[in-house]
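# Understanding the architecture of this molecule
Each chain, written out:
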Amino acid sequence: MLEGYGAYEIIMMLHELHKRDYQQLRILPGMSPNGCCWRWFIYPKALMKDNARMEWHNDIMPFECPHGTTRHTKTGCDYKELADQFMTLYPDIALLGKGKDEEYMKWFQRLVRHAKRDCFPIAFADGPVGEEWGWTASRRKLPYPPFTPSEKR
């Protein structure tokens, strides 16, 4: 399990996996109903249906996908080791996420820049977020990730 890590380490772990050519791994982050915890799902693009806003169209995110909740911003763990742990714990998910996606990588760079300033994305919360993602500690908005349909594997 990938529990006990901060939001920063989760974002940076995914960034590290992207550097290793697992660029088709996605993140779906949000807030718990009480607003005290940041939640996340990591899933391969191949599991997306035919739109990028699957979480708002009654498609259920498979709970076999790595997911977790944290109250921490940073815990100081080595996110490269965390990426190694991800590969060991979820080899099938990683394999589905193998491949290039430069458009998503450009979009994801915003998440990395914000994470370095302790600001984390919110795609879902107790109520609908709308047409854009929000940020913790900010009123700025982030467009939904770019959507390019995946080829059937």
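Below: a short report on this structure. Every chain is numbered independently, its residues counted from 1 as its sequence is written. The predicted origin of the model limits local features to residues at a pLDDT of at least 70 and limits the giving and counting of side-chain atom pairs to 80 or more, whereas totals for whole chains, interfaces and linings rest on all residues. Neither water nor hydrogens contribute to the side-chain values; these are computed over all heavy atoms in the structure.

## Here we look at the sheet that holds strand β3 (residues 67–70)
With antiparallel pairing, 3 strands are arranged side by side in an open sheet as β1-β2-β3. Edge positions in the open sheet fall to β1 (25–31) and β3, since each of these has one partner strand only. Strand-to-strand, the axes of this sheet are offset by a mean angle of 20 degrees, without reference to chain direction. At least two bridges found by DSSP between two strands are what make those strands a pair. Secondary structure elements are taken from DSSP: a helix is a run of H or I of four residues or more, a strand is a run of E of two residues or more, and numbering for both begins at the N terminus. Pairing of β1 with strand β2 (residues 38–44) involves 7 bridges; the strand directions are antiparallel. Bridge pairing links Gly30 to Arg39 in β2. Between N-to-C directions, angles cover 0 to 180 degrees, with each direction set by a line fitted to C-alpha atoms, over the stretch in contact for helices.

## Notes on the nonpolar core
Definition of nonpolar core: a set of buried residues of the types Ala, Val, Leu, Ile, Met, Phe, Trp, Tyr and Cys, connected through side-chain atoms within 4.5 Å. Only protein chains enter the calculation, and the probe is 1.4 Å; a residue is then buried if its accessible area is under 20% of its type maximum, exposed if over 50%, and partly exposed in between. One finds Ile11, Ile27, Trp38, Ile42, Phe86 and Phe108 to be the most contacted residues of the largest nonpolar core, which totals 42 residues. Listing elements by their share of this core, those giving two or more residues are α1 (7–19), β1, β2, α2 (79–89), α3 (91–96) and α4 (102–115). Looking at this core element by element, the count peaks at 8 residues for α1. Contacts between residues were defined by any pair of non-hydrogen atoms, one from each residue, lying within 4.5 Å. With near-sequence residues (within four places) excluded, Phe108 lies in contact with Ile11, Leu14, His15, His18 and Ile27.

## Side note on the packing of α1 against α4
Axis separation between α1 and α4 bottoms out at 10 Å; the angle between their running directions is 150 degrees. Every pair of crossing elements has a handedness; the one defined by α1 and α4 is left-handed. Contact residues: α1 offers Tyr8, Ile11, Met12, Leu14, His15 and His18, while α4 offers Tyr104, Met105, Phe108, Gln109, Leu111, Val112 and Ala115. Side-chain classes are defined by residue name, with Ala, Val, Leu, Ile, Met, Phe, Trp, Tyr, Cys and Pro counting as nonpolar, Asp, Glu, Lys and Arg as charged, and the others, Gly among them, as polar. Class assignment of the residues belonging to the contact of α1 with α4 gives a composition of 10 nonpolar, 3 polar and no charged. By convention, the crossing between two helices is left-handed when the near helix turns anticlockwise from the far helix through less than a right angle, and right-handed when the turn is clockwise.

## Looking at the pairing of β2
Most of β2 sits inside the fold, with 6 of its 7 residues counted as buried. The turn linking β1 back onto β2 is made up of 6 residues, and Gly35 within it adopts a positive phi angle of 75 degrees. Where β2 meets β3, 4 bridges bridge the pair, whose relative direction is antiparallel. Bridging from a neighbouring strand, Phe41 pairs with His67 of β3.

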